[in-house]
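Examination of the molecular architecture
So the chains spell out like this:
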Amino acid sequence: NYQRAKKLHNIEKNYEEALKYYLIALENNEKKESCIKDIAMLYVSMDKVAEAIEFMNKYEKELPKNLSTYYYLENFYGSVRDFNKVLEYTDLLLEQKAIINDKRKYSMYLAKKGFALIKLSKSDEAREILEEAISIHPENTYANRLLQALDEPDNEELNQFIADAEFDSFGGGFSKFIRDTLENYDEYYGVPAKVIDSGDFSKETLNVIRRLIDTAGKARPRERANYLLTEAKLMTTLEPEKESNLRSVLARYCNAMALNHITENSSMDVIRYYYLEAFSLEEKWESVERQVEVYLLSYKTSYTELLNLGSRDPKIDESLLLTLSSDVKDYIWEGILSMFLWNRSISAQITSKLFDNISLKDKSIIFLSSLGLKSNVNISSDDYTNLWNQAREKRQRDYLRWFASLKAISNSDNLETLTNILLDSINEIRKSWLTQLDTSRLNIIATDIYDVLATYLRQSGYRDKERSYNFAKAQINQLITEIKEKPTKFSYEGFIPLLEKIELLLDKSFKAVEEASTPKVEISILGEANVLGNDNVVPFQLKVESSKNSSPIRNIKIIVQNTDDITFIEKSNEYFDSIDGGESHIFNLSVKVSNKIADEKATSINITCFYNNRTEDEPVKLEKQLSLRLYSENEFETIPNPYEKLANGGPVTDRSMFYGRNEFIDRITEAIISADSKQVVIYGQKRSGKSSVLYHLKKSLEETQKTFCISFSIGEIFENISSATFFHKILFTIEEELENLSFDGIAVPDFKCPPYKELKDAPNSADVFRKYIRNFKRACQNTPNWKDKKLVVMIDEFTYLYTAIKEGKVSDAIMKQWKAITQNEDATFSSVLVGQDVFPLFKSEFPNEFGVTQDERLTYLSKRDA
């Protein structure tokens, strides 16, 4: 019943039906507190003030006695103009520590009390209270104006001041966005680095910034915004007493950011949000008039036209007429109502202009009636002002309830519950007054974010769970980042806390998965017996297997303990790739045995297996004694095996044995030859055919006659990996491939790889690499048939680089260097990077470095090819 009432109330605007279901819900004790509050306000929306007061008198005592209730009741009785009750709850609020400890807020509630006393014709008491409010917070413009109104001998002028005062906004504090912006800002743009490092800020530091701001009046808006934010940050510590000045600086910062977003063609919702923030910080009409004009025209004009408004005097009347001409959509009225919520001087000015224009007044009354605020045609100025006041209060309550709804979702203590609630609550969160950008972001949460959470919860195996977890994290963080870069009130204060709670519960869930998936590893020798060679060398296969639900293990190393009778031949005993739960890897090992063991045809060998798991930095050590049985080489009978050459997992080079990847290869070939610089990443599970695809992709590219391809594996340099070895390997492979072509009688560019020492000793090996790539490109220009060839660097096992970074073998700076190199216009080349399924994790840690890659996941073959 309650949910039905909410839908009828907020979405369908069917107030009579909504009231019916609210009352049924209340009778059944369904969400009792919410029902009481919603019903009372619904009566107000229906212009049934007497019924609202009668209802609240009956149920007021059933509401909990807490700060939230006092806020609500002060608001409610203000909306029904019961100023005796307003006084009662204002006094209760003034006893609350949260308000007493905040001078600005305490002063504001004293001013509200003064206003109620004025309405009750208790002018002397009101004057005393207002003077107290001003003594606590001299810059309380609300109290100052009320006091000024009391001194006004003209009763009509007094009423106008009182009407203006009724439009007081949220209470005068800083928004969460402004607080976070100040608290998180540490760049101190314009301050010398040595001063920032020392933290030794002084009044002179502040004065220098102010001089920079004065001289940067016509600077790019983003640069001006940075200077202003630095000034504001310094003021919080150097001039904490000058809050009014601080608010003015922050308002100018918001105005500069709005202008910056206009130049960047950002969403108009973002631009208007910055102006709204500025309006909440700078109350005086003269200070905001120009921005109000831009705000209004943002609904009707282009970015270029907004920028071209220039420094001419604002023409608010003309801008209002243009904005509200012809058919006016509700979202424009909602934008105007938002200005009224954020700044009372704007509301007083604009409502006066709307009232004075018959056409605009009539249009506004139609909008107000859609909110359930009815009026007659011959409405007075006071009643018109009051109508907008009710609309403001209604929206403020709507906003508070909306934020409460999101907070209720966030109160879930596990991911499964939150995901289920999220699906059920989307329609309740979707409001007609949300901006277009907020609605778009809500749709992303309702579809993309919900889908990745549901997918994660459905997965069972560790690797699938991990992949879904990483993908969900990336989706969540991408939306959070977008909101922080392009904020709106509802996205920043509503969606970000929800997304952060989702991420927290996601991390908690996956941590439990990791704890339950400690690898269980088994090692065994394959085959009943092993061949004893004439030189007493015994090759054998050792299988390392991880149990089904285990997390992956990697960097596996096998050691056979030497004895008097056993000598381990240390070769092919390391595997740097990962072994997933339920999978295995086979090592081809050899030992040399004594004559005694050769005669006995059996022995025991002690094997130690080292591996890394996800939770331990140090390798895990597993020891096991296994039986090795032997038979003579002479007893061996060969059975032809056409797959033998592929048994160790090398690339399938025989076209007759290579299936199902032609379309995949053709698509990437076309992408590379169509661009000067193309970065492609191919990743997939172990044994999915990545190396084979790389081999045939190289052949495909070479057949076009438009590319020069080199290829190698990170595994070749893993043991000694560094920026220098990495870049030297590429240059060396170029020289090596050119030599191979020249041996075939093909004319090739003159190119020599530099000595490794040159890269190793250079301050930045990437600079040396860039220089030699440029040299190679120039040599190509001077060689017949090479002028238009594109260099393609193909690197297998690229995710080994991620392993090396995580193990500290190489600095993560190598990724920034790689990005800078691939985007360098003088040394353009394409790359094909091949790696394991861990690549999405790699990318999530280096999103900027992989920002321009074309990611291709190698999945199952088609059914026909399989």
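Right, let's walk through the structure included here.

**Points about the environment of Tyr 303**
Residue position: Tyr 303 is located in helix H19 (residues 303–307). On a C-alpha basis, the gap between Tyr 303 and Leu 259 in space is 9.7 Å, while along the polypeptide they are 44 residues apart. Every residue in contact with Tyr 303, bar those within four places of it in the chain, is listed here: Ile 262, Asn 265, Ser 266, Ser 267, Met 268 and Ile 271.

**Observations concerning the pattern of salt bridges**
Counted under the stated rule, the structure contains 46 salt bridges. The shortest N-O distance in the salt bridge between Glu 393 and Arg 392 comes to 3.5 Å. An identical accessibility class is assigned to Glu 393 and Arg 392; each is buried. Notably, a salt bridge pairs Glu 856 with Arg 667, separated by 2.6 Å at the nearest N-O pair. Separated by 189 residues along the polypeptide, Glu 856 in strand S14 (residues 854–858) and Arg 667 in helix H30 (residues 662–673) bring together distant segments of the chain. Take Glu 856: its relative accessible area is 10%, and that puts it in the buried class. In this structure, a network of salt bridges that share partners links the residues Asp 38, Glu 334, Lys 394, Arg 395, Asp 398 and Arg 401.

**Let's talk about the packing of helix H32 (residues 723–743) against helix H36 (residues 813–822)**
Two numbers describe how H32 lies on H36: the axes approach to 11 Å, and their chain directions differ by 35°. Classified by chirality, the crossing of H36 by H32 is right-handed. Mapping the contact onto sequence places Ser 723, Phe 726, Phe 727 and Ile 730 in H32 and Ile 814, Gln 817, Trp 818 and Ile 821 in H36. Grouping the constituent residues of the contact of H32 with H36 by class yields 6 nonpolar, 2 polar and no charged.

**Examining the sheet that holds strand S9 (residues 620–632)**
Taken in spatial order, the 5 strands of this open sheet run S2-S9-S8-S4-S6, and their pairing is mixed. A single partner strand is all that each edge strand has here, and the edge strands are strand S2 (530–532) and strand S6 (574–579). Going from strand to strand, the sheet's axes swing by 40° on average, the running direction of each strand aside. Sheet analysis places strand S4 (residues 553–560) next to S6, joined by 4 bridges and oriented antiparallel. In the sheet register, Arg 554 faces S6, and the bridge partner there is Ser 578.

**So, the side chain of Thr 205**
Inspection of the secondary structure assignment puts Thr 205 in helix H14 (residues 203–215). Not counting chain neighbours up to four residues away, the residues in contact with Thr 205 comprise Val 191, Val 195, Asp 200 and Leu 234.

**Remarks on the packing of helix H12 (residues 176–184) against helix H15 (residues 221–238)**
With their axes 9 Å apart at the nearest point, H12 and H15 run at an angle of 85° to one another. As far as their axial angle goes, H15 and H12 are roughly perpendicular. Seen from H12, the contacting residues are Thr 181, Leu 182 and Glu 183; seen from H15, they are Leu 229, Ala 232, Lys 233 and Thr 236. Considering only residue class, the contact of H12 with H15 consists of 3 nonpolar, 2 polar and 2 charged.

**Regarding unusual backbone geometry**
In the Ramachandran plot, Ser 121 falls in the positive-phi region, its phi being about 60° despite a non-glycine side chain. One can find Ser 121 in the loop between helix H8 (103–119) and helix H9 (123–136). At Asn 536, a residue that is not glycine, the phi angle is positive and equals roughly 65°. Within the secondary structure, Asn 536 is located in the loop between S2 and strand S3 (537–546). With a relative accessible area of 13%, Asn 536 lands in the buried category.

About the thresholds
- Residues numbered from 1 in each chain as written.
- Predicted model: local features only at pLDDT ≥ 70, side-chain atom pairs only at ≥ 80, totals over all residues.
- Heavy atoms only, no water.
- Helix = DSSP H or I, 4+ residues; strand = E, 2+ residues; numbered from the N terminus.
- Contact = heavy atoms within 4.5 Å.
- Salt bridge = Lys/Arg side-chain N within 4 Å of Asp/Glu carboxyl O.
- Buried < 20%, exposed > 50% of the residue type's maximum accessible area, 1.4 Å probe, protein only.
- Axes fitted to C-alpha atoms, helices over the stretch in contact; angles between N-to-C directions.
- Left-handed = near helix turned anticlockwise from the far one by under 90°.
- Nonpolar A, V, L, I, M, F, W, Y, C, P; charged D, E, K, R; others polar.
- Pairing = 2+ DSSP bridges.
- Parallel < 35°, antiparallel > 145°, perpendicular 65-115°, else oblique.

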